[in-house]
Amino acid sequence: MAILKIARMGHPVLGRPADPVEDPTAPELRRLVEDMIETMEDAGGTGLAAPQVHVPLRVVVFFIDAARARREAASPDSPNSEGAAGVPLTVLVNPEVEPLGDERALGWEACLSVPGLVGEVPRHTAVRYRGTGLEGEAIEREATGFHARVVQHECDHLDGVVYPQRMADLSRLMFTSEMKHLAEDETQEE
Ligand code: NI
């Protein structure tokens, strides 16, 4: 296991579509995923996509602990409290995300590839996602609120999209340390 170097916005690997994984059960993919999980945990991230560690493959990992899920479910941009139980550590190979309905909501996002900044990003409030796990098993889930947001953020990395590119209002892109100037009722704790 190893902690990998994280690519930052502007590096070409973050700006192009990643390649499909041919064999989700390959031992070298398992090693990559173990390193991605260790890197994500070391950096305190909620999710990580392979291009963020300079590997242009369609693989993401994410984990939402119960406390974070409860906090996000209580925030104004979460339309409901589903997903408030948290999401177990999930590895998705070759994921696909399908919006469920037209509803979108704004919410604050951060990214390990955009250190020090946060931005308010519109996302679909409900999605269905599919992918393959490391045992070759099919994974299909429906997600709402923060869970749906995390999946959309991570899968965007596989298409060469970093969250500021999704923002409608760039005045809502700011340094994390300046969030204190926002009204308290507009933000939640990161
Ligand atoms: Ni990111």
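For the structure itself, look to the data block above.
Calculation criteria
Residues numbered from 1 in each chain as written. Predicted model: local features only at pLDDT ≥ 70, side-chain atom pairs only at ≥ 80, totals over all residues. Heavy atoms only, no water. Core = buried A, V, L, I, M, F, W, Y, C linked by side-chain atoms within 4.5 Å. Buried < 20%, exposed > 50% of the residue type's maximum accessible area, 1.4 Å probe, protein only. Helix = DSSP H or I, 4+ residues; strand = E, 2+ residues; numbered from the N terminus. Contact = heavy atoms within 4.5 Å. Donors = N, O, S within 2.8 Å, 3.2 Å for Na, K, Ca; no water. Pairing = 2+ DSSP bridges. Axes fitted to C-alpha atoms, helices over the stretch in contact; angles between N-to-C directions. Salt bridge = Lys/Arg side-chain N within 4 Å of Asp/Glu carboxyl O.

**Notes on the nonpolar core**
Link 1 in the chain: By size, the foremost hydrophobic cluster in this structure holds 17 residues, and its most contacted members are Val 60, Phe 62, Ile 64, Leu 92 and Tyr 129.
Link 2 in the chain: Among the secondary structure elements, those contributing two or more residues to this core are strand 2 (59-64), strand 3 (87-99), strand 6 (126-132), strand 7 (138-144) and helix 3 (145-157).
Link 3 in the chain: If one sorts the elements of this core by residue count, helix 3 sits on top with five residues.
Link 4 in the chain: Beyond its immediate chain neighbours, meaning those up to four positions away, Ile 64 contacts Thr 46, Ala 69, Gly 86, Val 87, Phe 146, His 147 and Val 150.
Link 5 in the chain: Ala 26, Leu 32, Val 33 and Val 91 belong to the second largest nonpolar core, which has 16 residues in total.

**So, the coordination of the nickel ion**
Link 1 in the chain: Around the nickel ion, the donor atoms from the protein are Cys 111 (SG), His 153 (NE2) and His 157 (NE2), and they sit 2.1 to 2.2 Å away.
Link 2 in the chain: In the primary sequence, the donor residues of the nickel ion line up as C-x41-H-x3-H. Of this pair, Cys 111 sits in the loop between strand 4 (104-109) and strand 5 (117-124) while His 157 sits in helix 3, and the two are 46 residues apart along the sequence. As far as the burial class goes, Cys 111 and His 157 line up, both buried.

**Points about the sheet that holds strand 6**
Link 1 in the chain: Judged by pairing direction, the sheet is antiparallel, and its five strands sit side by side in the order 1-2-3-6-7 without closing on themselves. Sheet topology places strand 1 (47-49) and strand 7 at the edges, where each strand pairs with a single neighbour. Averaged over neighbouring strand pairs, the angle between their axes works out to 35 degrees when direction is ignored.
Link 2 in the chain: With five bridges connecting them, strand 3 and strand 6 associate as antiparallel partners. Paired with Val 93 across the bridge in strand 6 is Thr 132.

**Section: the pattern of salt bridges**
Link 1 in the chain: Under the counting rule described, the total for this entry stands at 13 salt bridges.
Link 2 in the chain: A salt bridge links Arg 30 to Glu 135; its shortest N-O distance comes to 3.0 Å. Of the two residues, Arg 30 is situated in helix 1 (residues 27-43) and Glu 135 in the loop between strand 6 and strand 7; the sequence distance between them amounts to 105 residues.
Link 3 in the chain: Note on Arg 30: relative accessible area 34%, which makes it partly exposed.
Link 4 in the chain: One salt bridge in this structure joins Glu 140 and Arg 130, with 3.4 Å as the shortest N-O distance. Here Glu 140 is found in strand 7, whereas its partner Arg 130 is found in strand 6, with ten residues between them in sequence.
Link 5 in the chain: Via salt bridges that share partners, Glu 98, Arg 128, Arg 130, Glu 140 and Glu 142 belong to a single interconnected network.

Remember, this is a structural readout, not a statement about activity or role.
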